[in-house]
Amino acid sequence: MSQEANPAPRSLAEALRARDDASLAVLLRSRPDLITPVPTDLTQLATRAGTRASVLRALERLDRFALQTAEALAVAPDPASYGTLLGLMAGDAGDETVAAALPRAVGTLREQALVWGDDDRLRLVRTARELLAPSAQHPSPTGLGPSVQEATSGMSPGRIQEIVTTAGLPSTHDSVSAVAALTALFTDRKKMAALLAGAPGASREVLSRLVWGPPYGQVTADPAAHLRWLLDRGLLLPTGPGTVVLPREVALHLREGRAHREPEPLPPAVEPAAAHRPQVVDATAAGQAYTALATVEELLKDWDEGGPAVLRAGGLSVRDLKRTAVALDVSEPVAAFWVELAYAAGLIASDGEADERYAATPAYDEWLERPPAERWSRLAEAWLAATRTPGLVGGRDAKDRTLSALGPGLDRSAAPEVRHRVLTLLAGLPAGAAPDAESVLTRLRWERPLRGPRQERGDDLRTRLARWTLSEAELLGVTGRGALSAHGRALLGAPAPVPADADEPGEGAGPGAKLPVHHHRPPADLAPLSPAEQAVATAAAARLVAPLLPEPLDHVLLQADLTAVAPGPLRRPLADTLDVLADVESKGGATVYRFTPASVRRALDAGRTAGDLHAFLAEHSRTPVPQPLAYLIDDVARKHGHLRVGAASAYVRCDDDTLLNEILADKRAAALRLRRLAPTVLAAQADPATLLEGLRAMGHAPAAESAEGDVLITRAHAHRTPPRTAPEPVPEGPPPPDPTLLAAAIRAIRAGDLAATAPRKPAGTSPGGGELPRTSSAETLATMQAAVLTGDSLWIGYVNAEGTASQRVIAPIRVEGGFVTAYDHTADEVRTYPLHRITGVAELAGD
């Protein structure tokens, strides 16, 4: 099509107006802040796309090469041709890799409305140029300084003429032409080479120190001869007292035309550090997944009767986190991860009582009843989407307050995106390949090249999130031995990997040829899933991990040393009873339980009889019940309840008065302040619970009794919070619009733009220079009725009931009863308007 038919856009709004709906959808999907709220027309969309906050957000999401391209445009002439940009990126010698990658980078900048214009007139949006262009306060990432024209803007005309003459150029009549001549000299490669050939060696050394930035240096009032040589020829220009700068054109000549020392057109590959058989990876990950389930269950069991108190500012105290870590036999950071994971999955919450404590939620009981694979998949799905970041626990917030587990200030909106991206990079490796962690971090820094010293030190937030993701994925069983498991892939919605020894498609590779990492399915194809898609992926992950999880056992192995060995996970009824009857001595592949007098008494207090315990052990042991264990149960049962404690304030009752005499004579009973009321009854000035504990500490086995004299059965009281929902992730800015919202927003913007830009015929009554058309009531009615017959569209001015005026383009359908019913192009729907609120009407101009 000819240029006359498609004139070059004169503004970003015109460039957006020339886009089709698919291109606008790409823009709005990548920059969702532009439709929050939906702009009225494309001019407003362009204005919003050029605001500082929106441009900053867009620049932060560019990959390194696209950002380098934008930085090169910021130091190029405005507008710049594609050839000029290519020269800045590839240099005078050219670079085939850069030349091949540059169209994609320019296309990305165009898609995101950071660059507009045809290839012969590329323009970086003004705000982006201001952010990326070099200045004394904000040096350019390219290391380039100001241009000759910018650096000489405050220089006297006489001094400029002196520089031009010394550089070997003819003098001019004005400063503008002098600066232009100097710029032309510095951009002419042959003339510049000849000029620098005569430079002293010390002068060239100064230029080499400044060429890659920073371009600023210090000089004294009486500079040395080699500096004076540079200053006299404009190769260094003064910017202030004692400060000089290397002009951009000079630096580009010394750099052989390159804006960047090292352009990075290709993303660095994620390198495998080790390779394992996929079956080993899946089995290892499944074993860790089972450990994750056991750890969360143990945490919640410990908090079953009410967990730690909630701090006044929210969260767990440092002491409670340490106690939790000791109970789980893990480090404090790992304990914080498990606590936060249970919270993210909605399994724990604060109970909301006056004495607020953390406890299990009703959802925990429902979770326990599900198959192990479904329980794991729920934890994994919650972890993948959570914005809460356990790795921050123990750090400091902006107000120098300690960040506590379950407390405020742990949400980081970038966490889900980084987790998904790290796992996606792992999915791009061959099955069973564990990545080199540093190569993963290098890749992430290329994809989001945040600027500043924190990234250079490797402690920026995204880098820390990536490190935490790698360790947390291993803890949770998403990865095994560092490699992504099959159920981890399914959780992402990724297809099954290509075997590492498969032939490369289309290349005719022989059997056994290794498939290069970069030829696998591009990880960037794995976009985050919608909620419905994620539910399907989570179910698929559960199906894959289910056969790998160990089957619960219904037996233990009793040993003569009063221990029982569980060679694997136990079924829930067996595990619950054994937790009451014995104490856990050690964990691992097999759990060791130890029977003690206290643990047997605990079972008897819970309502079990000696016969019940003997029958239980005989039923669930693959070995005969050892005699020492049988004797222990019988001995504790014989003594159990011999002493009875009830509420008087408290009393002790026993038929054996000799035993009561022993208790009274025991010095350890002094704190209970006992006195005899009758030969078989002692009274205590302590509550029954304290009395029970005191007598048990003395080696007795008392039992509590009710007012009727019956033995009280003590069972664990499961404390639950009211129903609680899992915490919602905190999004990073506006969420990407769904297809329905996106289509509706584009229709509204197009309709509003039609109303704002449609050509109009002059109204019958002079508009008087105002925005709204002005016509008489009779003329408005007549024009409307005519439009109904002809089907033409009209431009109207309309004032609503609140007094807000607007312009609209309508196609009248009928006029009756003082109202006009019309299709409103601005609102993209049929509406009815009172005629008395229409200020005027004008016909749209013909094509």
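Residues numbered from 1 in each chain as written. Predicted model: local features only at pLDDT ≥ 70, side-chain atom pairs only at ≥ 80, totals over all residues. Heavy atoms only, no water.

Colleague: Is there a simple way to think about the pattern of salt bridges in this case?
Modeller: When the charged atoms of two side chains lie near each other, side chains of opposite charge can form a pair. Under the definition given, this model contains 35 salt bridges. Ionic pairing is found between D411 and R388, a salt bridge with its closest N-O pair at 3.8 Å. Here D411, found in the loop between α20 (372-385) and α21 (415-427), pairs with R388, found in the loop between α20 and α21; they are 23 residues apart in sequence, far enough to count as distant. Accessibility expressed as a relative area gives 29% for D411, which makes it partly exposed. As a salt-bridge pair, R462 and E417 come within 2.8 Å of each other at their nearest N and O atoms. A residue pair is termed long-range when its members are at least 10 positions apart, and R462 in helix α24 (residues 461-476) and E417 in helix α21 qualify at 45 residues. Ionic contacts of the salt-bridge type, sharing partners, join the residues R159, E162, R228 and D232 into one network. (Salt bridge = Lys/Arg side-chain N within 4 Å of Asp/Glu carboxyl O. Helix = DSSP H or I, 4+ residues; strand = E, 2+ residues; numbered from the N terminus. Buried < 20%, exposed > 50% of the residue type's maximum accessible area, 1.4 Å probe, protein only.)

Colleague: I keep staring at unusual backbone geometry and nothing clicks. Help me out?
Modeller: Trans peptide bonds make up most of the peptide bonds, and negative phi angles are found at most residues other than glycine. The omega angle of the peptide bond from T36 to P37 is -5°, so this bond is cis rather than trans. If you trace the backbone, P37 turns up in the loop between α2 (21-30) and α3 (42-49). With an omega dihedral of 0°, the bond running from D78 to P79 counts as a cis peptide bond. Of note, the phi angle at E256 is positive, near 60°, even though the residue is not glycine. Classification of E256 by relative accessible area gives partly exposed; the value is 48%. Positive phi values are uncommon outside glycine, yet D329 reaches one of about 60°.

Colleague: Sorry if this is basic, but what is going on with the environment of P773 here?
Modeller: Mapped onto the elements of the fold, P773 is located in the loop between α33 (739-757) and α34 (777-790). Residue classification places P773 among the buried residues on the basis of a relative accessible area of 1%. Along the primary structure P773 and T839 are separated by 66 residues, whereas in three dimensions their C-alpha atoms are 6.5 Å apart.

Colleague: Looking at this structure, I do not really get the sheet that holds strand β23 (residues 819-824). What am I missing?
Modeller: Whether parallel or antiparallel, the strands of a sheet pair through hydrogen bonds between backbone atoms. Spatial ordering of the open sheet is given by β24-β23-β22-β21-β25, a layout of five strands whose pairing is antiparallel. The open sheet terminates on both sides in strands that have one partner only, identified here as β24 (829-834) and β25 (838-843). Averaged over all pairs of adjacent strands, the angle between strand axes in this sheet comes to 45°, irrespective of strand direction. Pairing geometry for strand β21 (residues 794-799) and β25, over five bridges, is antiparallel. Across the sheet, I796 pairs through a bridge with V841, a residue of β25. Across the sheet, α34 is in contact with β21, β22 (805-816), β23 and β25; its angle to β22 comes to roughly 65°. (Pairing = 2+ DSSP bridges. Axes fitted to C-alpha atoms, helices over the stretch in contact; angles between N-to-C directions. Contact = heavy atoms within 4.5 Å.)

Colleague: Help me out: how do you make sense of the confidence of the model for the protein in this one?
Modeller: Segments scoring low in pLDDT should not have their predicted coordinates read at a detailed level. On average, residues of the protein score 84 in pLDDT, and 89% of them are at 70 or above. Note that residues 453-457 has pLDDT below 50 and, in this model, nine contacts with residues that lie over four places away or in other chains. Predicted confidence for residues 500-524 stays below pLDDT 50, and this span has 39 contacts to residues more than four positions away or in other chains. (pLDDT = per-residue confidence, 0-100.)

Colleague: Got a minute to help me understand the nonpolar core in this structure?
Modeller: In globular proteins that are soluble, nonpolar side chains generally tend to be buried together. With 89 residues, the main nonpolar core has F186, L235 and L236 as its most contacted residues. The element that contributes the greatest number of residues to this core is helix α5 (residues 64-75), accounting for eight residues. Apart from residues no more than four positions distant in its own chain, L236 is found in contact with V206, L210, L227, L230, L231, V244, V245, L246 and P247. By size, the runner-up hydrophobic cluster in this structure holds 72 residues, among which are A292, W383, L425 and L484. (Core = buried A, V, L, I, M, F, W, Y, C linked by side-chain atoms within 4.5 Å.)

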